Amino acid sequence: MKIIIDTDPGQDDAAAIMLALGSPELEVLGITAVAGNVPLALTERNARIVCEMSGRTDIKVFAGAEAPLVQPLVTAEHVHGKTGLDGPELFNPSFPLQDGHAVDFIVETLLAEAPGTVTLCPIGPLTNIALALQKEPSLAGRIQQIVLMGGGYFAQGNITPSAEFNIYVDPEAAAIVMACGAPIVMMPLDVTHKVMTTKARVERIRAIDNRAARAMVEMLVFYERFDEEKYGTDGGPLHDPTTIAWLLQPDLFQGRMCNVEIETSSKLTRGATVVDWWGVTKRAKNALVLQEVDADGFFDLFAERLANLG
Ligand code: BDR
Ligand code: CA
């Protein structure tokens, strides 16, 4: 399965990248960075650091949008730390960023590959994906599926009471993606809040004891402190790798096809994902919205694939 990961690392983005790179079923055609958790200069660097921690300096990393389509960038250093990847000792990656813009890479790759053979995995704000869809109108028809982390229905929001961070940062981009017509799978907070980095699960990853797993443990220990305080839980939600887990083992998840629209104008609920879970409108069902997850099954998969990075 050919994939492009669009990302704003982020410790949980790092978990998604490592899960993908440790999975032989997936061919990562490239990683495209977007501004989100931290500014672009850091997210593109972090993406390369994570590849190098995974022993994969061959992965192509591209820099994309520096800011959302309309509004100024909102970042999340309060969650991810000043670098976006606080926890392990960071270093200057030994391999360069690719020339060219991430949006051009997404467009050119989808035009070059056979239609319906490339999946997009956006795990940050949807700016790069929206720009690619705007740039090449035939693109949506060529995408196999878009498996994104974002939004919330029953769980509502995490950056505001009603909006999840990735959608909140660029709601106009999210609205373009949701309306594009390509098959969409949405991993909302409803799922990711059930994928908790409990102490027992972190210890299991520690026991793998390769470079990637050691770095992952250091990231998780830093990252979970914020959510532990916020939610009073053992560990924090590991949002982004659920998208990759869906590609590898969809039977871990349950959900339903729904209409999803994005609120872009309300002051109070801007960035909310309006999910027609109960089918009360006649609006077309444009996304598979996941709600349930086998979290132990997810961590079995995650640990198995991190061990492959040894
Ligand atoms: C999402 O926001 C970011 O902080 C995380 O990396 C994840 O993609 C969760 O709301
Ligand atoms: Ca992210």
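Look above for the structure.
Residues numbered from 1 in each chain as written. Chains lettered and ligands numbered in written order. Predicted model: local features only at pLDDT ≥ 70, side-chain atom pairs only at ≥ 80, totals over all residues. Heavy atoms only, no water.

## Thoughts on the site of ligand 1
Turning to step 1, where the next piece is worked out: In the vicinity of ligand 1, the contacting residues are D12, D13, N37, H80, I123, M149, N158, E164, F165, N166, H239 and D240.
Turning to step 2, where the next piece is worked out: A distance of 2.8 Å is found between an oxygen atom of ligand 1 and a side-chain nitrogen or oxygen belonging to H80.
Turning to step 3, where the next piece is worked out: Here an oxygen atom of ligand 1 sits 2.8 Å away from a polar atom, N or O, in the side chain of N158.
Turning to step 4, where the next piece is worked out: Surface burial for ligand 1 is 97%, taken as the share of its 280 Å² of free accessible area covered by protein chains. (Near = heavy atom within 4 Å. Polar contact = N/O pair within 3.5 Å; in protein donor to acceptor, adjacent residues only side chain to side chain. Areas by Shrake-Rupley, 256 points an atom, 1.4 Å probe, with all protein chains shown as cover.)

## Examining the environment of E218
Turning to step 1, where the next piece is worked out: Tracing the sequence through the fold places E218 in helix α10 (residues 211–231).
Turning to step 2, where the next piece is worked out: On the basis of relative accessibility, which here comes to 42%, the residue E218 falls in the partly exposed class.
Turning to step 3, where the next piece is worked out: It is 8.3 Å that separates the C-alpha atoms of E218 and D86, two residues lying 132 residues apart in sequence.
Turning to step 4, where the next piece is worked out: Ignoring sequence-local partners within four residues, the contact set of E218 consists of G87, P88 and E89. (Helix = DSSP H or I, 4+ residues; strand = E, 2+ residues; numbered from the N terminus. Buried < 20%, exposed > 50% of the residue type's maximum accessible area, 1.4 Å probe, protein only. Contact = heavy atoms within 4.5 Å.)

## With respect to the coordination of the calcium ion (ligand 2)
Turning to step 1, where the next piece is worked out: Protein-derived ligands of the calcium ion (ligand 2) are D8 (OD), D13 (OD), D13 (OD), I123 (O) and D240 (OD), with the metal-ligand distances lying across 2.3 to 2.6 Å.
Turning to step 2, where the next piece is worked out: Sequence spacing of the donors to the calcium ion (ligand 2): D-x4-D-x109-I-x116-D. (Donors = N, O, S within 2.8 Å, 3.2 Å for Na, K, Ca; no water.)

## Some words on the packing of aromatic side chains
Turning to step 1, where the next piece is worked out: Here the structure, examined in full by the defined rule, presents 8 aromatic pairs.
Turning to step 2, where the next piece is worked out: When the ring of F62 is compared with that of F105, the centres are 4.1 Å apart and the planes differ by 15°; the resulting orientation is stacked. One end of the pair, F62, is in strand β3 (residues 61–63); the other, F105, is in helix α4 (residues 102–112), with 43 residues separating them in the sequence.
Turning to step 3, where the next piece is worked out: Both rings, one in F299 and one in F302, keep their centres 6.3 Å apart while their planes meet at 75°; by these two values the pair is edge-to-face. Taken together, the residues span about one helical turn, with F299 and F302 both in helix α12 (residues 295–307) at a distance of 3 residues.
Turning to step 4, where the next piece is worked out: A relative accessible area of 0% places F302 in the buried class.
Turning to step 5, where the next piece is worked out: Among the aromatic residues, those joined into a ring-pair cluster are Y153, F154 and W277. (Phe/Tyr/Trp six-rings, centres within 6.5 Å; stacked < 30°, edge-to-face > 60°.)

## A closer look at the sheet that holds strand β7 (residues 253–258)
Turning to step 1, where the next piece is worked out: If you trace the 8 strands from one edge of the open sheet to the other, you get β3-β2-β1-β4-β5-β6-β10-β7, paired in mixed fashion. Looking along the sheet, the strands with just one partner apiece sit at the ends: β3 and β7. The sheet shows a mean angle of 20° between the axes of neighbouring strands, taken without regard to direction.
Turning to step 2, where the next piece is worked out: Strand direction decides the pairing type here: strand β6 (residues 184–187) and strand β10 (residues 287–293), joined by 2 bridges, are parallel. (Pairing = 2+ DSSP bridges. Axes fitted to C-alpha atoms, helices over the stretch in contact; angles between N-to-C directions.)

## Describing the environment of H80
Turning to step 1, where the next piece is worked out: Secondary-structure assignment places H80 in helix α3 (residues 77–80).
Turning to step 2, where the next piece is worked out: Taking C-alpha positions, H80 is 27 Å from D99, a pair spaced 19 residues apart along the chain.
Turning to step 3, where the next piece is worked out: When near neighbours in sequence (up to four residues on either side) are disregarded, H80 contacts G10, Q11, D12, N37, L85, D86, F222 and Y223.
Turning to step 4, where the next piece is worked out: A polar atom in the side chain of H80 sits 2.7 Å from the side chain of Q11.

## A closer look at a nonpolar patch on the surface
Turning to step 1, where the next piece is worked out: A contiguous nonpolar patch, built from F154, W278 and V280 and spanning about 400 Å² of accessible area, is present on the exposed surface.
Turning to step 2, where the next piece is worked out: Take W278: its relative accessible area is 59%, and that puts it in the exposed class. (Patch = residues over 30% accessible without salt bridge, like charges linked within 9 Å, V, L, I, M, F, W, Y side chains within 5 Å. Salt bridge = Lys/Arg side-chain N within 4 Å of Asp/Glu carboxyl O.)

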